Amino acid sequence: MIFNNTYLKNILFVCIVLIITIIVFYLNSLFPLYSDDFHYLYITSSDQSFVPVKKISDIFVSQYNHYFQWGGRSVVHFIAQCILLLDDNTADLVNTFAYIFLVLTIYFISNKGKKTNICLFLLINMIVWLVVPTPLGTILWITGSANYTWGTLIILLFVFQYYSYWWSEESKDSIIKSFLFFLFGILAGWSNENISAALSFILICFLVVLIKSKKNIPHWFIAGLAGTFLGFIFMCLAPGNYVRSIEILKYFNITALSRFKIFRIQIGNMFSYGFIPIVCIAFGYFLLLFLYYSDNYKEKKRKIIGGSLAFMLTGFIGFSALIVLPYIPVRAFYGINIFVLISFAILYANISLTSLKSKIINFALFSVYFIIHFMQSYDALVILSETTKYREKLIYEQKRKGEFDVILPENLKLAYGLETLSTDSLDTFNQAYSRFYGIKTVKLVPQDKFDK
């Protein structure tokens, strides 16, 4: 029969992907230009000339300057400035595709060698929104998405090729393919500091296993690995990294501390951020590993456990790489959490929940927690969207009156992580905001003073 169970399941899978795409596109449409977006609308320059980015060549100039003046994440910041060049709807659609491709890549890695698993795909989508830090700022915000969703996507797409070869040990080899993997490796290694370091680790793991098993190692495998190292070196050696680290040390007022004391702070940060999560992750992982061992499904057992452990260890390597930072930004855990999620998902995908009751309970528990968490994020997103529109209305009203030193009312609902404007008109974000809206200055004042 043409319309068999597998065919219908695949059709349903495609429909679910489309529904999630529509939902994420709608969420993207609610998220306004925000924070660093206002900076990346202009060409980075030392003379602060603030020339708007109008074409792709401007972005190359901007990222060349950015490399020397602020940081080495040239690939993801290039993506951010490209998206900001687009009209709103196209930008929202492109950013939506990044998320969809990310969760699909997670799904295909986790479900490697198995039939379509709709429940697994839905769970991956829910868990991504639960485990990634500040999902509004790392999935929907253009600059944040470029740094974390896009950066992690590039790395996972690259890893997927190596994971697939390690799994099947079948692949065509050619000079062109090797060259393309070398270029792809540069892009992946040049994406994000701690996860790019972890990327090198997992590729070396696959390489060591292949060598010990005396398996054939294609030329593209080595070329891609070499490209990864080269991209990582380009990113880490950016002169702008030094400039940024000095500014961060100044911001936290620790420039006078010795390197040893700063190192102690870094160790303390890692333990304060990671001790309890590490214990919980380890407990959950070994529980899932026990359930897998207890299950009757034993096909390709070594591949499944080996792949799962590789992604878990890679997550911890990415976490350990954070030790070089004087402080640990929450968003830095994005790629780490995704690698850990994959390690769990690989085991979960290979545990057969035989009874319908166990499947319903399993799915329902995740769903309830997800809905609660998601609605909290959605409420914050709606407030941000409405506040942005309200402020734009106030700006245009004041401009029509010939007032270009604009004041806006404070909004306490935006005070918890989403507010970037301040009461200081000379603040960097206030100045970027003013530049975008064509006014001299902008600052926040208490509601009672604004009403007067």
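Because the structure is predicted, anything quoted here is derived from the model rather than measured.

Chemist: Please clarify how the overall build of the protein should be interpreted in this entry.
Modeler: The helix and strand tally for the protein stands at 18 helices and two strands. Summed over all atoms, the accessible surface of the protein reaches about 23400 Å², with 67% contributed by carbon and sulfur.

Chemist: What am I meant to see in unusual backbone geometry here?
Modeler: Across the chain, the bulk of peptide bonds are trans and the bulk of non-glycine residues have phi less than zero. One non-glycine residue, Ser 35, lies in the positive phi region at around 50°. With respect to the secondary-structure elements, Ser 35 resides in the loop between helix H1 (5–30) and helix H2 (37–40). A relative accessible area of 8% means that Ser 35 is categorised as buried. Here Thr 134, not a glycine, exhibits a phi torsion of approximately 40°, which is positive. Residue class for Thr 134 comes out partly exposed when judged on its relative accessible area of 42%.

Chemist: Sorry, what's going on with the packing of helix H10 (residues 193–212) against helix H15 (residues 334–349) here?
Modeler: Packed helices, taken two at a time, are described by the angle their axes make and the gap between the axes. At their nearest, the axes of H10 and H15 sit 8 Å apart, and the two run at 35° to each other. The interaxial crossing formed by H10 with H15 has right-handed handedness. Here H10 contributes Asn 194, Ile 195 and Ile 202 to the contact with H15, which in turn contributes Gly 335, Ile 336 and Phe 339. Tallied by class, the residues present in the contact of H10 with H15 amount to four nonpolar, two polar and no charged.

Chemist: Before we go on, may I ask you to explain the side chain of Asn 147 in this structure?
Modeler: Note that Asn 147 resides in helix H8 (residues 142–168). A distance of 2.9 Å separates polar atoms of two side chains, one belonging to Asn 147 and the other to Arg 73. In this view, Asn 147 contacts Arg 73, Val 76, His 77 and Asn 192; residues no more than four positions away in its chain are not counted.

Chemist: Please explain the pattern of salt bridges as it appears in this structure.
Modeler: For side chains of opposite charge, pairing can occur when their charged atoms come near one another. Taken as a whole and assessed by the stated rule, the structure comprises three salt bridges. Where Arg 73 meets Glu 193, a salt bridge forms, and the shortest distance between an N and an O atom there is 2.7 Å. Here Arg 73 is found in the loop between helix H3 (56–69) and helix H4 (74–85), whereas its partner Glu 193 is found in helix H10, with 120 residues between them in sequence. By the burial criterion, Arg 73 is buried, and Glu 193 matches it. The shortest N-O distance in the salt bridge between Arg 391 and Glu 419 comes to 2.8 Å.

Basis of the calculations
- Residues numbered from 1 in each chain as written.
- Predicted model: local features only at pLDDT ≥ 70, side-chain atom pairs only at ≥ 80, totals over all residues.
- Heavy atoms only, no water.
- Helix = DSSP H or I, 4+ residues; strand = E, 2+ residues; numbered from the N terminus.
- Areas by Shrake-Rupley, 256 points an atom, 1.4 Å probe, with all protein chains shown as cover.
- Buried < 20%, exposed > 50% of the residue type's maximum accessible area, 1.4 Å probe, protein only.
- Axes fitted to C-alpha atoms, helices over the stretch in contact; angles between N-to-C directions.
- Left-handed = near helix turned anticlockwise from the far one by under 90°.
- Contact = heavy atoms within 4.5 Å.
- Nonpolar A, V, L, I, M, F, W, Y, C, P; charged D, E, K, R; others polar.
- Polar contact = N/O pair within 3.5 Å; in protein donor to acceptor, adjacent residues only side chain to side chain.
- Salt bridge = Lys/Arg side-chain N within 4 Å of Asp/Glu carboxyl O.

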